[in-house]
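The residues making up each chain are set out below.
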Amino acid sequence: LVDASAVVANPAEYRGKTIRVRGTVKGFCHHARSWYAIDVPEGTPPYLRIVTAPGFRVPAGIMNATATAVGTVETQQIPQNRARHYESEHRLGAGNEGEENATVTRALFRATGAVFEPAAG
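Residues numbered from 1 in each chain as written. Predicted model: local features only at pLDDT ≥ 70, side-chain atom pairs only at ≥ 80, totals over all residues. Heavy atoms only, no water.

**Side note on the pairing of strand E5 (residues 103–117)**
Cut-off, in case you're wondering: The pairing criterion is simple: DSSP has to find at least two bridges between the two strands. The helix and strand labels rest on DSSP assignments: H or I over at least four residues marks a helix, E over at least two residues marks a strand, and numbering proceeds from the N terminus.
As judged from the three bridges shared by strand E3 (residues 47–51) and E5, these two strands associate in the parallel manner. Bridging across to E5, Ile50 finds its partner in Phe109. Pairing of strand E4 (residues 66–79) with E5 involves 14 bridges; the strand directions are antiparallel. By the bridge assignment, Val73 is partnered in E5 with Phe109.

Now the structure itself:
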């Protein structure tokens, strides 16, 4: 089990490795249900995006669930406007600044499996 904040802080260190991460679901793709994000409060950005497609779809109603995923870490160059979309449309709140045509490097976790534990209450 690797702390998601370590993956967000230094994705190159984990690139290509199969690991497990765990955290609270902070957002997910409501359209294709192809990814979800776990909370990384001390990270920049404050989330780790976990891609589940094409292997499986994210279940509906998982907000605030605790998720444990197994998969491989990748790094991804994301256009600034796409990063803003993830953060505003899905309320992930990293507050990207910079040129519209710039790219940002993000850790991407490609899950081969996940377990979701519903939030209490």
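There's more to say after this.
**As for unusual backbone geometry**
Here the residue pair Thr44 and Pro45 is connected by a cis peptide bond, since its omega of 5 degrees sits within 30 degrees of zero. Among the secondary structure elements, Pro45 is positioned in the loop between strand E2 (35–39) and E3. Across the junction of Ala53 and Pro54, the peptide omega takes the value 5 degrees, indicating a cis bond. Note that Pro54 resides in the loop between E3 and E4. Its identity is not glycine, yet Arg33 carries a phi of approximately 50 degrees, on the positive side. By secondary structure assignment, the location of Arg33 is in the loop between strand E1 (18–28) and E2. Here Asn64, not a glycine, exhibits a phi torsion of approximately 70 degrees, which is positive. Among the secondary structure elements, Asn64 is positioned in the loop between E3 and E4.

**With respect to the nonpolar core**
For the record, the criterion: Here, nonpolar core refers to any group of buried Ala, Val, Leu, Ile, Met, Phe, Trp, Tyr and Cys residues whose side-chain atoms link them within 4.5 Å. Think of it in three bands: residues with accessible area under 20% of the maximum for their type are buried, residues over 50% are exposed, and the middle band is partly exposed, with areas taken using a 1.4 Å probe on protein chains only. Every residue pair with non-hydrogen atoms within 4.5 Å of one another is taken to be in contact.
Judged by nonpolar contacts, the single largest core of 23 residues is most densely connected at Val7, Val21, Tyr36, Ile38, Leu48, Ile50 and Phe109. Contributions of two or more residues to this core are made by helix H1 (4–9), E1, E2, E3, E4 and E5. Looking at this core, the element that brings in the most residues is E1, giving four residues. In this view, Val7 contacts Val2, Tyr14, Ile19, Val21, Leu48, Val73 and Ala107; residues no more than four positions away in its chain are not counted. Cys29, Trp35, Tyr47 and Ala83 belong to the second largest nonpolar core, which has 11 residues in total.

**Details of the pairing of E1**
Inspection of the sheet shows E1 paired to E4 by seven bridges, in the antiparallel sense. If you follow Thr18 over to E4, its bridge partner there is Thr72. Of the strand pairs in this sheet, E1 and E2 are connected by three bridges, and their pairing is antiparallel. Opposite Val25, over in E2, you have Ile38 as the bridge partner.

**Here's the deal with the pattern of salt bridges**
Note the following rule: What counts as a salt bridge is simple: a side-chain nitrogen of Lys or Arg found within 4 Å of a carboxyl oxygen of Asp or Glu.
Applying the stated criterion to the full structure yields three salt bridges. As a salt-bridge pair, Glu117 and Arg22 come within 3.1 Å of each other at their nearest N and O atoms. Of this pair, Glu117 sits in strand E5 while Arg22 is found in strand E1, placing the two residues 95 residues apart along the sequence. Glu117 gets classed as partly exposed once you look at its relative accessible area, which sits at 34%. Taking the shortest distance from any N to any O, the salt bridge between Arg110 and Glu74 comes out at 2.8 Å. Of this pair, Arg110 sits in strand E5 while Glu74 is found in strand E4, placing the two residues 36 residues apart along the sequence. The class for Arg110 is partly exposed, based on a relative accessible area of 34%.

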